[in-house]
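What follows is each chain in one-letter form.
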Amino acid sequence: MAAKTAPYVIDPPAVVAVPVEGAAGLFPVRRILCVGRNYAAHRREMGGDDRDPPFFFAKPADAIVLPGRDVAYPPRTSNLHHEMELVVALEAGGAEVPPERALDLVFGYAAGVDLTRRDLQNAAKDKGQPWEAGKAFDQAAPMSAIRRWSGPPPQGRIRLTVNGQARQDASVADMIWNVAEVIAEASRLWRLAPGDLIFTGTPEGVGPVLRGDRVEGEVEGVGRLAFEVV
Ligand code: MN
C-alpha cells in the first residue's frame, strides 16, 4: 500500500492561539497590525508633529508571548522599551469597512505590550529603513487573555508598572483614532480577516526595561498581564 503523500515538505508552523477569558476555546491569531502615534502625548514624547495622523506597522503572529510566560531580553539591543496598549481581536473581516460598522468585527479586547528595540527603531528611522528589526522581533508582543466584548469599546485607564513603579497611566479614551476608526482605517489598507489582532497604540510614558524587571500592565475592565524580562 502506497504511503499517503504529505501535503507539506516540512512541518507547517503551529497556529498561535490566545486564551479567552472564561472560555475553553482559544483565539487563533492570523496577524498583528499595530497603530503608531495614536495618543497625542506619546506623539509629542517621540518628537512627532502634532498634525501627523497615526499610521500602521505590523508584527508576526508568532511574536505573541502568551499570558503567564516570561520574555527573553532580545538580542542586538541595549534599549528595549515597553509600550502598553489596548488590543482589539477581530472575529470578522472585510475591506473598506465604514466606522459605523467597524465594531461589528470585534470579538473582544486584551491588554498587550508592544515591546520595541528602540535603538534599532531609531536607527531605522534615521536611515529611512523599515522598522521590522525594531518592532517585529521574537517575543515582541506579550499579551493578556482576550475578553469577549460587545457594544461600546473600553474607555478606562491603561496602566503599566515596572517593578511596582508607575510608568504609564492614561485613558484609552484619549486615543486619536478610536477603536472604530482604527478598524475602519486598517480596512482601507488591508482586507481584514477573522483572527487579526490590532495593537491600538501606546500612551505617554514609554521607557526601558532591563533583565530582571517585572512588568505589569492593565487595561481597566479588559485584562491584566504580568511578565518578567529574563
Ligand atoms: Mn506601539
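Our subject in this report is the structure included herewith. Remember, it's a predicted structure, so these values are computed and weren't measured experimentally.

Attention now goes to the coordination of the manganese ion. Tetrahedral metal sites with four donors have an ideal angle of 109.5 degrees; octahedral sites with six donors have ideal angles of 90 or 180 degrees. Each protein donor to the manganese ion is listed here as E83 (OE), E85 (OE) and D114 (OD); together their distances run 2.0 to 2.1 Å. Spacing between the donor residues of the manganese ion along their common chain follows E-x1-E-x28-D. In this pair, E83 is assigned in the loop between strand 6 (80-82) and strand 7 (84-90) and D114 in the loop between strand 8 (106-113) and strand 9 (116-117), connecting sequence segments 31 residues apart. Take D114: its relative accessible area is 0%, and that puts it in the buried class.

What follows concerns unusual backbone geometry. One non-glycine residue, R76, adopts positive backbone phi at about 65°. Residue position: R76 is located in the loop between strand 5 (64-65) and strand 6. According to the relative accessible area criterion, R76 is exposed, its value standing at 75%. Even without a glycine there, the phi angle at Q139 is positive, about 60°. When you line up the elements, Q139 lands in the loop between helix 4 (132-135) and strand 10 (141-142).

Next up on the list: empty space enclosed by the protein. Enumeration over the complete set of coordinates arrives at two cavities of 30 Å³ or more. The wall of the largest cavity is formed by 15 residues, among which G36, R37, H42, E83 and K135 lie closest to the centre. When residues in the lining of the largest cavity are grouped by element, the largest group, three residues, is from helix 3 (residues 118-127). The class makeup of the residues in the lining of the largest cavity is five nonpolar, four polar and six charged. In this structure, the second largest cavity spans a volume of roughly 40 Å³. Surrounding the second largest cavity, V65, L66, P67, G68, R69, P142, M143, L225, A226 and F227 form its lining.

Conventions adopted
Residues numbered from 1 in each chain as written. Predicted model: local features only at pLDDT ≥ 70, side-chain atom pairs only at ≥ 80, totals over all residues. Heavy atoms only, no water. Donors = N, O, S within 2.8 Å, 3.2 Å for Na, K, Ca; no water. Helix = DSSP H or I, 4+ residues; strand = E, 2+ residues; numbered from the N terminus. Buried < 20%, exposed > 50% of the residue type's maximum accessible area, 1.4 Å probe, protein only. 1 Å grid on protein atoms, 1.4 Å probe; cavity = no way out; pocket = protein on both sides within 12 Å on 5 of 7 lines; lining within 4 Å. Points joined across faces, edges and corners; volume = space filled by probe spheres on them. Nonpolar A, V, L, I, M, F, W, Y, C, P; charged D, E, K, R; others polar.

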